[in-house]
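Residues per chain are reported as follows:
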Amino acid sequence: GEITNLYKTSKPSLNRNHYCARNITAIDLHGLTKEDALAKLDASLIKWVDTAMKGVYPWVIPVTIICGGGNQILADSVAIWIKHNAQVANAPKMRRS
């Protein structure tokens, strides 16, 4: 075939990761009380679900939740919030080879 057709394809890429690092949403909960942080997560969840549903299958968007190191009150609250929201899950653990 012609060289101009060498890299053309009629099929979409099989890349299943539709979100690269620049598309990852982050929410920073530093300095918030437990109640304020949970309210901010609940309000953001509505936007995240809407964004995911406007995307492509499997309708998942990665979100990084930053809650700081402190005394773990926010981290524990976020972990419980994730467990109690069916639309939210922790990222799968990366396997080391």
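Residues numbered from 1 in each chain as written. Predicted model: local features only at pLDDT ≥ 70, side-chain atom pairs only at ≥ 80, totals over all residues. Heavy atoms only, no water.

**Considering the overall build of the chain**
The cut-off we apply is this: Each helix corresponds to a stretch of at least 4 residues labelled H or I by DSSP, and each strand to a stretch of at least 2 residues labelled E; elements are numbered beginning at the N terminus. Here the term buried applies to any residue with accessible area under 20% of the maximum for its type, exposed to any over 50%, and partly exposed to those in between, with areas from a 1.4 Å probe on protein chains only. Only heavy atoms matter for contacts: two residues are in contact if any of them lie within 4.5 Å across the pair. Using the Shrake-Rupley algorithm and a 1.4 Å probe, accessible areas are obtained, with residue cover drawn only from the displayed protein chains.
A count of helical and extended segments in the chain gives two helices and two strands. Going residue by residue from the N terminus, the α and β elements of the chain occur as β-α-β-α. Scored against the burial criterion, the 97 residues of the chain give a buried share of 18%. For the chain, the proportion of contacts with a sequence separation of at least 24, taken over those separated by at least 6, is 61%. Carbon and sulfur atoms form 57% of the exposed surface of the chain, whose accessible area is close to 8,400 Å².

**Quick notes on a nonpolar patch on the surface**
Stated formally: Residues qualify for a patch when their relative accessible area is over 30% and they have no salt bridge, like charges being joined within 9 Å and the nonpolar side chains of Val, Leu, Ile, Met, Phe, Trp and Tyr within 5 Å. For this analysis, a salt bridge means a side-chain nitrogen from Lys or Arg found within 4 Å of a carboxyl oxygen belonging to Asp or Glu.
The grouping of Met53, Tyr57 and Trp59 at the surface amounts to a nonpolar patch, some 400 Å² of accessible area in total. Among the secondary structure elements, Trp59 is positioned in the loop between α1 (34-53) and β2 (63-66). By relative accessible area, Trp59 is classed as partly exposed at 41%.

**Comments concerning the confidence of the model for the chain**
Selection rule: Every residue carries a pLDDT, the predictor's confidence in it, which falls somewhere between 0 and 100.
Per-chain confidence: the chain averages 80 in pLDDT, with 75% of residues scoring 70 or above. Counted against residues more than four places away or in other chains, residues 11-21, with its pLDDT under 50, gives six contacts.

**Considering the pairing of β2**
Put simply, the rule reads: By the convention used here, strands pair only if DSSP detects at least 2 bridges between them. Call a crossover right-handed when, viewed with both strands pointing away from you, the route from the first strand across the helix to the second goes clockwise.
Relative to β2, strand β1 (residues 25-28) runs parallel, the two sharing four bridges. Residue pairing for β2: Ile27 is matched across the bridge by Ile65. Crossover handedness for the path β1 to α1 to β2: right-handed.

**Focus: the packing of aromatic side chains**
The condition is simple: Here the aromatic set is Phe, Tyr and Trp, taking the six-membered ring for Trp, and pairing holds for ring centres within 6.5 Å; pairs whose planes are under 30 degrees apart are stacked, those over 60 apart are edge-to-face, and all others are tilted.
For the structure shown, the criterion picks out one aromatic pair. Measuring from ring centre to ring centre gives 5.1 Å for Tyr57 and Trp59, while their planes differ by 90°; the resulting arrangement is edge-to-face.

**Here's the deal with α1**
Put simply, the test is: Helix span is expected to be 1.5 Å times the residue number reduced by one.
Between its terminal C-alpha atoms α1 stretches 28 Å, which fits the 28 Å expected from 20 residues at 1.5 Å a residue. Among the residues of α1, Ala37, Leu41, Ser44, Leu45, Trp48 and Ala52 are the ones counted as buried. Its buried side turned inward, α1 meets β1, β2 and α2 (73-84).

**Things to note about the packing of α1 against α2**
Where we set the bar: For helices, the fitted axis covers only the stretch in contact; all axes are lines through C-alpha atoms, and the angles between them, taken along N-to-C directions, range from 0 to 180 degrees. When describing relative orientation, an angle under 35 degrees is termed roughly parallel and one over 145 degrees roughly antiparallel, while 65 to 115 degrees is termed roughly perpendicular and anything else oblique. The handedness criterion is simple: a crossing whose near helix is rotated anticlockwise from the far helix by less than a right angle is left-handed, and one whose near helix is rotated clockwise is right-handed. Residue polarity follows a fixed list, in which Ala, Val, Leu, Ile, Met, Phe, Trp, Tyr, Cys and Pro are nonpolar, Asp, Glu, Lys and Arg are charged, and the others, Gly among them, are polar.
At a closest axis distance of 10 Å, the pairing of α1 and α2 adopts a crossing angle of 40°. Considering their axes alone, α1 and α2 lie oblique with respect to each other. Between α1 and α2 lies a crossing of right-handed hand. Across the interface between the two elements, Lys34, Ala37, Leu38, Leu41, Asp42, Leu45 and Trp48 from α1 touch Ile73, Leu74, Ser77, Val78 and Trp81 from α2. For the contact of α1 with α2, a count of residues per class yields nine nonpolar, one polar and two charged.

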